[in-house]
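# Architecture at a glance
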Amino acid sequence: MRSPLRYSDWILNLLVAAAISTVVNFSYVLLLIVDQRVEQQRPAREHLVQRPDEGRLTITPDGHGYVVYENGDSIYAPMNRIRRLGLADGDRLVVNLLPNRTAGAHPMLSEVRKRNGADFDYSTVFNRPSAGADITVQLLYYLVLSFVLLAVTAIRRKEPSQSLVRTSFAGIVVAVALYFVAPVIDWRTGHIVLNFSTGRMFDYMLLLKWTFAVVVSLLYGRIYTLISQRQAVVLENERLKNENLTTRYNMLVGQINPHFFFNSLNSLAMLVREKQDEKALTYIDQLSYTFRYIIQNGQCTLITLGEELKFVEAYSYLFKIRYADKLFFDIDIAPEYREWLLPALSLQPLVGNAVKHNTITRANPFHVSIRTEGSWLVVSNPKVPKLTPEPSTGIGLSNLCNRWRLITGCEVVIVDTEREFTVRMPLQKSSLS
């Protein structure tokens, strides 16, 4: 899926297209400058050699021609001049010649004064646009060509796996369509026309310039896409880091909360008042281990299931003291999965929510099941809602799902029915197991 181009992207593509158009037409501009200098160096009209008699033009199969006179003299007529002037085989011409620069050189036709007995009117035969108009049209065409190709190929994608072949093919199809409407000068009239109307679709100069523009545009489009993907990866990593830090912070805030802390102190105070010294010392040890585990693993990503279960034993002990003979934890973990990995502190919010939101009485003991089903860790509990529901923000469960997605790339499956609440978490196989 590709992202829409931003305003800055359009500006950048326009600038790159302008650069490509300038480079493509740079040699053409140089040729115009050279032609102008050549014209300046050519002899003035009054220095041309005028031949008053009339000769007949003969055009050879290769397009070149000769003006042949009755006395046997001949004047060479270049192919490009024949085409530009629209001369035909058999025309009777009165011409001006270029003066011979070297001795023995064959005289060359410069201008036609009369054709078939009538004065030759250049304006009706050849109306070539000015050099400025010609180069302006060329620059605009290659600007549009490059810009359209960049719009097709230089795009931001959310998925780096987008097909290069598909994008390049789309660009080439667009380029071929634009090739048919390229502006060219018709050698027969000198007018700027569209390429498809000339009958000479494969003009080598046009094809060379068009190919250069297409190749450069496609290459730049691919480079731009790769750079955009790399930037997107960097931004995504930064976003994930920030989200990870936020999630960890929320997780710690949700786990070390005053309510849990005060309840723990009340339970400890109860044991002290009842002079249950052994249980009080054990409670202190388990409470200390619980908080130490939470703090130490706040920055940890993955931990073994065995270590997480040790924490759950300590954490559940704190609840068992509060709910003596009313709360039970049924733990059934296959030994082969104890070395498998999961995000640290995954079980704490599930155990805490189960206790927080359900009624726990001696008449109806409450059971929390922690078990493995294949490579899935499953935590479930019956739903026995309290008469006065505890306020809930949903942060704990939401954080758990986000952490699993962020750290493992897998989704937590939540099944919430009328009678039971179940959370299924896919364990990750350790490289050491």
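Keep in mind that what you see is a predicted model, and the values were worked out from it rather than measured.

Scoring rules and cut-offs
- Residues numbered from 1 in each chain as written.
- Predicted model: local features only at pLDDT ≥ 70, side-chain atom pairs only at ≥ 80, totals over all residues.
- Heavy atoms only, no water.
- Helix = DSSP H or I, 4+ residues; strand = E, 2+ residues; numbered from the N terminus.
- Buried < 20%, exposed > 50% of the residue type's maximum accessible area, 1.4 Å probe, protein only.
- Contact = heavy atoms within 4.5 Å.
- Areas by Shrake-Rupley, 256 points an atom, 1.4 Å probe, with all protein chains shown as cover.
- Core = buried A, V, L, I, M, F, W, Y, C linked by side-chain atoms within 4.5 Å.
- Phe/Tyr/Trp six-rings, centres within 6.5 Å; stacked < 30°, edge-to-face > 60°.
- Lys NZ or Arg CZ within 6 Å of the ring centre and 35° of its normal.
- Pairing = 2+ DSSP bridges.
- Axes fitted to C-alpha atoms, helices over the stretch in contact; angles between N-to-C directions.
- Parallel < 35°, antiparallel > 145°, perpendicular 65-115°, else oblique.
- Left-handed = near helix turned anticlockwise from the far one by under 90°.
- Nonpolar A, V, L, I, M, F, W, Y, C, P; charged D, E, K, R; others polar.
- Polar contact = N/O pair within 3.5 Å; in protein donor to acceptor, adjacent residues only side chain to side chain.
- Salt bridge = Lys/Arg side-chain N within 4 Å of Asp/Glu carboxyl O.
- pLDDT = per-residue confidence, 0-100.

## Examining the overall build of the chain
Tallying secondary structure elements over the chain gives 12 helices and 18 strands in all. Buried positions account for 37% of the 433 residues belonging to the chain. Once local pairs closer than 6 in sequence are excluded, the contacts in the chain between residues at least 24 apart make up 70%. Accessible surface for the chain amounts to roughly 24,800 Å². Of this, 60% is attributable to carbon and sulfur atoms.

## Some details on the nonpolar core
Ranked by internal contacts, the top residues of the largest apolar core, which has 48 residues, are L327, I370, L377 and M425. Here the element with the most residues in this core is helix α10 (residues 305–322); it accounts for 9 residues. Look past the residues within four positions of I370 in its chain and what remains in contact with it is L309, V312, D330, I331, D332, I333, L347, V351, L377, V378 and V379. If you look at the next biggest cluster of nonpolar residues, it comprises 19 residues, including I20, Y141, L178 and V184.

## With respect to the packing of aromatic side chains
Taken as a whole and assessed by the stated rule, the structure comprises 8 aromatic pairs. A ring pair is formed by F311 and Y315, whose centres lie 5.5 Å apart and whose planes are at 15 degrees; its orientation type is stacked. One end of the pair is F311 and the other is Y315, both in helix α10 and 4 residues apart, which spans about a single turn. Owing to a relative accessible area of 0%, F311 belongs among the buried residues under this scheme. With a relative accessible area of 3%, Y315 lands in the buried category. Taken together, the ring pairs connect Y289, Y293, F311, Y315 and F319 into an aromatic cluster. Between R51 and the ring centre of Y69, over which it is positioned, the NZ or CZ distance is 3.8 Å. Here the basic side chain of R424 rests over the ring of W376, its NZ or CZ set 5.0 Å away from the ring centre.

## Some points on the pairing of strand β15 (residues 366–373)
In this structure, strand β13 (residues 327–332) lies alongside β15, joined through 6 bridges in parallel fashion. Pairing of F328 across the sheet is with H367, part of β15. As paired strands, β15 and strand β16 (residues 376–382) are joined by 5 bridges and run antiparallel to one another. The residue bridging I370 from the neighbouring strand is V379, located in β16.

## Section: the packing of helix α9 (residues 277–296) against α10
Contact geometry for α9 and α10: axes closest at 9 Å, N-to-C directions at 135 degrees. In this view, α9 runs oblique relative to α10, as classed from their interaxial angle. Relative to α10, the crossing made by α9 is left-handed. Between α9 and α10, the residues in contact are K279, T282, Y283, Q286, L287, Y289, T290, Y293 and I294 and E307, E308, K310, F311, A314, Y315, Y317, L318 and I321, respectively. Split by residue class, the contact of α9 with α10 holds 11 nonpolar, 3 polar and 4 charged.

## As for the sheet that holds β13
Spatial ordering of the open sheet is given by β13-β15-β16-β18-β17, a layout of 5 strands whose pairing is mixed. A strand with exactly one partner marks an edge of an open sheet, and here the two such strands are β13 and β17 (413–416). When strand polarity is set aside, the average angle formed by the axes of neighbouring strands in this sheet is 10 degrees. In terms of strand pairing, β16 meets strand β18 (residues 420–426) through 7 bridges, oriented antiparallel. Counted as the bridge partner of W376 is P426 from β18.

## So, helix α11 (residues 347–356)
Of all 10 residues that make up α11, 8 are buried, and the element is covered over most of its length. All buried positions along α11 are accounted for by L347, Q348, P349, L350, V351, G352, A354 and V355.

## What to know about the side chain of S369
Tracing the sequence through the fold places S369 in strand β15. A polar contact is formed between the side chain of S369 and the side chain of R371, at a distance of 2.8 Å. If sequence neighbours within four positions are ignored, S369 has contacts with D330, V378, V379 and S380.

## Some remarks on the pattern of salt bridges
A side chain of one charge can pair with a side chain of the opposite charge if their charged atoms are brought near each other. Following the criterion strictly, the structure yields 9 salt bridges and no others. Taking the shortest distance from any N to any O, the salt bridge between D325 and R362 comes out at 3.9 Å. With D325 in the loop between α10 and β13 and R362 in the loop between α11 and β15, this residue pair connects regions lying 37 residues apart in the sequence. Of the two residues examined, D325 and R362, each falls in the exposed class.

## Some remarks on the confidence of the model for the chain
For the chain, per-residue confidence averages 78 on the pLDDT scale, and residues scoring 70 or more make up 77% of the total. With pLDDT under 50 throughout, residues 35–44 is counted as low confidence; its partners more than four residues away or in other chains account for 6 contacts. Contacts for the low-pLDDT stretch residues 157–161, under 50 throughout, to residues beyond four places or in other chains number 13 contacts.

## Here's the deal with the packing of α10 against α11
As a packed pair, α10 and α11 sit with axes 10 Å apart at the nearest point and diverge in direction by 25 degrees. In this view, α10 runs roughly parallel relative to α11, as classed from their interaxial angle. Considering how the two elements wind past one another, α10 and α11 form a crossing that is right-handed. Residues E308, L309, F311, V312, Y315 and F319 of α10 form the contact with α11, whose own contacting residues are L347, Q348, V351, G352 and V355. In terms of residue class, the contact of α10 with α11 is built from 8 nonpolar, 2 polar and 1 charged.

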